[in-house]
Amino acid sequence: MVGRTIFGAVRRLSLIVPKRLFFAQNRDILLGENLSRRGLSDVIDFFDRSVEIRKFTYILVAQGKVEELMDTPNTHEICPTLRIEGLMRHQHQASRFPDVNLGDFLRFLAAEGQEPYCAVVKVEKNPTHVLRPRTPFDPAPEPLFNIKVAGAALFRGDKLVGFLNEDETRGLLWIQGRVRGGYLEVPSPVRKGKYVSLDILRSEARVVPEITGDGRLRVTVKIREEANLAETQGFIYLDRPEVVKRLEALQAKTIAREIHSAVRKAQEYKSDVFGFGAAFHRRYPREWRAMKATWNEEFFPLVEVRVVADAKIRRAGLRIEPPVVK
């Protein structure tokens, strides 16, 4: 249905639908990419003002056309909305997208020194789809396309300015202290070309802003992270303390790399989704008054970011030594 306003379009539905829409059961709000780039100021008021729409409703940007996403079939969930909500509820299993809800997004819009961001949903080709003749005994075929939630959409004010990929998105989540699970894959410390998988248990983050004596802006991001060993390729003997120390160092290096990649991309877009400006506002309120008007354009792209990551491996599963192959 089409209308000049969202409320008008909803009420015009009564001309063809004999039942009133009930928004309290709404699960997701999908924003089109073109609409988001033009600006959300004309549409976000309806969602904030409505007494029915709950503030913990997830908000996402659809990369591409929303109608293509809603028409994508899937064998797991028939309804696309339930499919997206299920993916959002299991965000902690990978930590590759932010589980931002409407309340978070509105708070980001109103905060000084903090730009909004949210998850990205898109349609991508299904690699398990096989083109072959079907027989009556075949199960339901794999769909040609899948709905995938991955990455983050960056805003400046109410306008979409760009996207982060999956690794860059987790760099954002490290700084925000929102990595509550997921996995890390690091190179094996003893076998070239092999990898070690780590199951992230928890993490904490602290952002420390600083204005140096020569007027430069610096931020130190302190990360504390704990993980369990999930899988190793090759033979790694974890009863040797030096091997565990090297694994923890590689883990910290991976975290720092993801954070730096996220910061570089956000500085290119001039979108302070990390809240560095808010940190300077809290610690240097007098200096912030002179910076806030041009923070994103002039100051944020020049902020120096230093990462101090303290990564620990807590458990190694059911064995310390690798399985013996005779």
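Because the structure is a prediction, the values reported are computed rather than measured.

J.: Summarise the overall build of the protein chain; cite the residues concerned and give the values.
T.: Tallying secondary structure elements over the protein chain gives eleven helices and nine strands in all. With the principal axes as the frame, the protein chain shows a C-alpha extent of 75 × 75 × 30 Å. Every one of the 326 residues in the protein chain was classed for burial, and the buried ones make up 44%. Looking at the protein chain alone, contacts between residues at least 24 apart form 73% of all its contacts between residues at least 6 apart. Here the protein chain displays about 18600 Å² of accessible surface, and carbon together with sulfur accounts for 52% of that area. In the protein chain, 54 positive and 42 negative side-chain charges are present, and the distance between their average locations comes to 1 Å.

J.: Lay out the sheet that holds strand 4 (residues 145-156) in plain terms, naming residues and giving numbers.
T.: Sheet architecture is open: five strands sit in the order 1-2-3-4-5, paired in mixed fashion. Both outer strands of the open sheet, strand 1 (28-32) and strand 5 (159-164), are each paired with one neighbouring strand and no more. The average undirected angle you get between the axes of adjacent strands in this sheet is 40 degrees. Where strand 3 (residues 117-125) meets strand 4, eight bridges bridge the pair, whose relative direction is antiparallel. Residue Glu124 lies in a different strand from strand 4, and its bridge partner there is Asn146. Lying on the sheet, helix 5 (residues 80-89) is in contact with strand 1, strand 2 (58-62), strand 3 and strand 4; it crosses strand 4 at an angle near 65 degrees. Contacts from helix 6 (residues 102-110) reach strand 1, strand 2, strand 3 and strand 4 within the one sheet, and its direction differs from that of strand 3 by about 125 degrees.

J.: Just give me the short version of the nonpolar core, but keep the residues and values in it.
T.: In terms of nonpolar packing, the biggest core is built from 65 residues, with Ile259, Phe274, Phe276 and Trp295 touching the most fellow members. No other element matches helix 8 (residues 241-269), which puts eight residues into this core. Ignoring anything within four residues of it in the chain, the contact list for Trp295 reads Leu217, Asp272, Phe276, Gly277, Phe280, Trp288, Phe300, Pro301 and Val303. Ranked by size, the runner-up nonpolar core spans eleven residues in total, among them Ala62, Met88, Phe97 and Val121.

J.: Before we move on, could you go through the pairing of strand 5 and cite the residues and values that matter?
T.: Counting buried positions along strand 5 yields five of six residues, so the element is predominantly enclosed. Pairing analysis gives five bridges linking strand 4 to strand 5, with the strands arranged antiparallel. Opposite Leu154, over in strand 5, you have Gly162 as the bridge partner. Between strand 4 and strand 5, which pair antiparallel in sequence order, lie two residues; one of them, Gly157, sits at a positive phi of approximately 70 degrees.

J.: Tell me about the side chain of Gln267, and name the residues and values.
T.: Summarising the element assignment, Gln267 is placed in helix 8. A distance of 3.1 Å separates a polar atom in the side chain of Gln267 from the backbone oxygen of Phe300. Other than its neighbours up to four places away in sequence, Gln267 contacts Phe300, Pro301, Leu302 and Val303.

J.: Talk me through helix 5; I want residue IDs and the actual numbers.
T.: For helix 5, the set of buried residues is Pro80, Arg83, Ile84, Glu85, Gly86 and Met88. Packed against the buried residues of helix 5 are strand 1, strand 2, helix 4 (66-70), strand 3 and strand 4.

J.: Outline the packing of aromatic side chains, listing residues and values.
T.: A complete count under the given rule lists twelve aromatic pairs for this structure. Measuring from ring centre to ring centre gives 5.0 Å for Phe108 and Tyr117, while their planes differ by 20 degrees; the resulting arrangement is stacked. When the ring of Phe274 is compared with that of Phe300, the centres are 6.4 Å apart and the planes differ by 40 degrees; the resulting orientation is tilted. You can see Phe274 sitting in the loop between helix 8 and helix 9 (276-283) and its partner Phe300 sitting in the loop between helix 11 (295-299) and strand 9 (304-313), a full 26 residues away along the chain. The class of Phe274 is buried, set by a relative accessible area of 4%.

J.: If you had to explain the pattern of salt bridges to someone new, which residues and values would you point to?
T.: Scanning the entire structure with this criterion turns up 23 salt bridges. Note that Arg107 is salt-bridged to Asp104, the shortest N-O span being 3.2 Å. One end of the pair, Arg107, and the other, Asp104, are both in helix 6, three residues apart, so they sit about a helical turn from each other. The structure contains a network of salt bridges with shared partners spanning Asp99, Asp104, Arg107, Arg178 and Arg180.

J.: Which residues make up unusual backbone geometry, and what values do they have?
T.: Non-glycine residue Ser95 carries a positive phi angle of around 55 degrees. For Ser95, the position within the fold is in the loop between helix 5 and helix 6. One non-glycine residue with positive phi stands out, namely Lys270, at about 55 degrees. Position of Lys270 relative to the elements: it lies in the loop between helix 8 and helix 9. According to the relative accessible area criterion, Lys270 is partly exposed, its value standing at 33%.

J.: An account of a positive patch on the surface is needed here, citing residue identities and associated values.
T.: On the surface, a cluster of positive charge is made up of Arg206, Lys222, Arg283 and Arg306. Structurally, Arg206 can be placed in strand 7 (residues 195-211). For Arg206, a relative accessible area of 52% gives the class exposed.

Calculation rules
- Residues numbered from 1 in each chain as written.
- Predicted model: local features only at pLDDT ≥ 70, side-chain atom pairs only at ≥ 80, totals over all residues.
- Heavy atoms only, no water.
- Helix = DSSP H or I, 4+ residues; strand = E, 2+ residues; numbered from the N terminus.
- Buried < 20%, exposed > 50% of the residue type's maximum accessible area, 1.4 Å probe, protein only.
- Contact = heavy atoms within 4.5 Å.
- Areas by Shrake-Rupley, 256 points an atom, 1.4 Å probe, with all protein chains shown as cover.
- Lys, Arg positive; Asp, Glu negative; His and termini not counted.
- Charge placed at Lys NZ, Arg CZ, Asp CG, Glu CD.
- Pairing = 2+ DSSP bridges.
- Axes fitted to C-alpha atoms, helices over the stretch in contact; angles between N-to-C directions.
- Core = buried A, V, L, I, M, F, W, Y, C linked by side-chain atoms within 4.5 Å.
- Polar contact = N/O pair within 3.5 Å; in protein donor to acceptor, adjacent residues only side chain to side chain.
- Phe/Tyr/Trp six-rings, centres within 6.5 Å; stacked < 30°, edge-to-face > 60°.
- Salt bridge = Lys/Arg side-chain N within 4 Å of Asp/Glu carboxyl O.
- Patch = residues over 30% accessible without salt bridge, like charges linked within 9 Å, V, L, I, M, F, W, Y side chains within 5 Å.

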